[in-house]
Amino acid sequence: MTAKLALALLLLIIASGALGYGFVQARRSRVLMRKLNSYNIAINSAVQKRRLDLYEVRNRAKLLENTVSGGTSAVEKVHKAIANTTFGLVERLSKDDETRESAVKARKTHDQTSKQVYHAVRTTNKAIHLLADSLFITKAEKRVMLKRNTPEQKKSDQ
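Residues numbered from 1 in each chain as written. Predicted model: local features only at pLDDT ≥ 70, side-chain atom pairs only at ≥ 80, totals over all residues. Heavy atoms only, no water.

Draft legend 1. Spatial organisation of the overall build of the chain. Helix and strand counts for the chain stand at 3 helices and 0 strands. Listing each helix as α and each strand as β along the chain from the N terminus yields α-α-α. Burial analysis of the chain (158 residues in total) assigns 13% to the buried set. Carbon and sulfur atoms form 65% of the exposed surface of the chain, whose accessible area is close to 12800 Å². (Helix = DSSP H or I, 4+ residues; strand = E, 2+ residues; numbered from the N terminus. Buried < 20%, exposed > 50% of the residue type's maximum accessible area, 1.4 Å probe, protein only. Areas by Shrake-Rupley, 256 points an atom, 1.4 Å probe, with all protein chains shown as cover.)

Here it is, written out as structure tokens:
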């Protein structure tokens, strides 16, 4: 009977030791999982920050392009109003037909030239935006994607 009791006690001690070891291993696994999850979150956070920085650069470039375009339109409208007023007064106040015809020719030349200048400003603005997009934004986007596809991050994604 004592042998059975000793065997039962030994089995109880072994079972409780195994159970305790299982709890220690479970706690260690949870700690390692937390570390792994925090590392994964940190990596994803860094990638997300780079993406947001890229979007910010892209949006600022678009805002700048729109600001220049809108500013050009506003200046053009004010310029037209001043030119129309000036040429209108010259046409009304001229005493002979020769001066009036000369003013009409000057107005046509002025309008055509100013239209070409404002068109050139808008075209240049778009070209500069496209150039900046291809030089800076596309390269930054590629850098974000290359950093996203590094072997360390591929391992952490799995």
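Draft legend 2. How the structure looks around a nonpolar patch on the surface. On the surface, a nonpolar cluster with roughly 400 Å² of combined accessible area is contributed by Leu7, Leu10, Leu11 and Ile14. With respect to the secondary-structure elements, Leu7 resides in helix α1 (residues 2–93). (Patch = residues over 30% accessible without salt bridge, like charges linked within 9 Å, V, L, I, M, F, W, Y side chains within 5 Å. Salt bridge = Lys/Arg side-chain N within 4 Å of Asp/Glu carboxyl O.)

Draft legend 3. Focus on the confidence of the model for the chain. Within the chain, residue pLDDT values average 85, and 90% of them lie at 70 or more. The secondary structure element of the chain with the lowest average pLDDT is helix α3 (residues 151–157), at 51, and the one with the highest is α1, at 89. (pLDDT = per-residue confidence, 0-100.)

Draft legend 4. Region of the structure containing the pattern of salt bridges. What the rule picks out here adds up to 5 salt bridges. Notably, a salt bridge pairs Glu56 with Arg60, separated by 2.6 Å at the nearest N-O pair. Here Glu56 pairs with Arg60, and both are found in helix α1, just 4 residues apart, close to one helical turn. Overall, Arg60 belongs to the exposed group, its relative accessible area being 56%. Taking the shortest distance from any N to any O, the salt bridge between Glu76 and Arg122 comes out at 2.6 Å. Placement of Glu76 in helix α1 and of Arg122 in helix α2 (residues 97–148) is noted, with a sequence separation of 46 residues between them. Here Glu76 falls in the buried class, since its relative accessible area comes to 14%.

Draft legend 5. Spotlight on the side chain of Arg107. By the secondary structure assignment, Arg107 is in helix α2. Among the polar contacts made by the side chain of Arg107, one reaches the side chain of Asn84 at a distance of 2.9 Å. With near-sequence residues (within four places) excluded, Arg107 lies in contact with Asn84, Phe87, Gly88 and Glu91. (Polar contact = N/O pair within 3.5 Å; in protein donor to acceptor, adjacent residues only side chain to side chain. Contact = heavy atoms within 4.5 Å.)

Draft legend 6. Inspection of the side chain of His129 at higher detail. By the secondary structure assignment, His129 is in helix α2. Residue His129 is classed as buried on the basis of its relative accessible area, which comes to 17%.

Draft legend 7. View of the environment of Ile137. With respect to the element layout, Ile137 can be found in helix α2. Judged by relative accessible area, which is 3%, Ile137 ranks as buried. When the C-alpha positions of Ile137 and Ala61 are compared, they lie 9.2 Å apart, and in sequence the two are 76 residues distant. Not counting the four nearest positions on each side in its chain, Ile137 is found in contact with Leu54, Val57, Arg58, Ala61 and Ala132.

Draft legend 8. Inspection of α1 at higher detail. Between its first and last C-alpha, α1 extends 133 Å over 92 residues, near the 136 Å set by a 1.5 Å rise per residue. Of all the positions in α1, only Ile43, Val47, Leu54, Ala61, Glu65, Thr72, Glu76, Ala83, Phe87 and Gly88 are classed as buried. (Expected span 1.5 Å × (residues − 1).)

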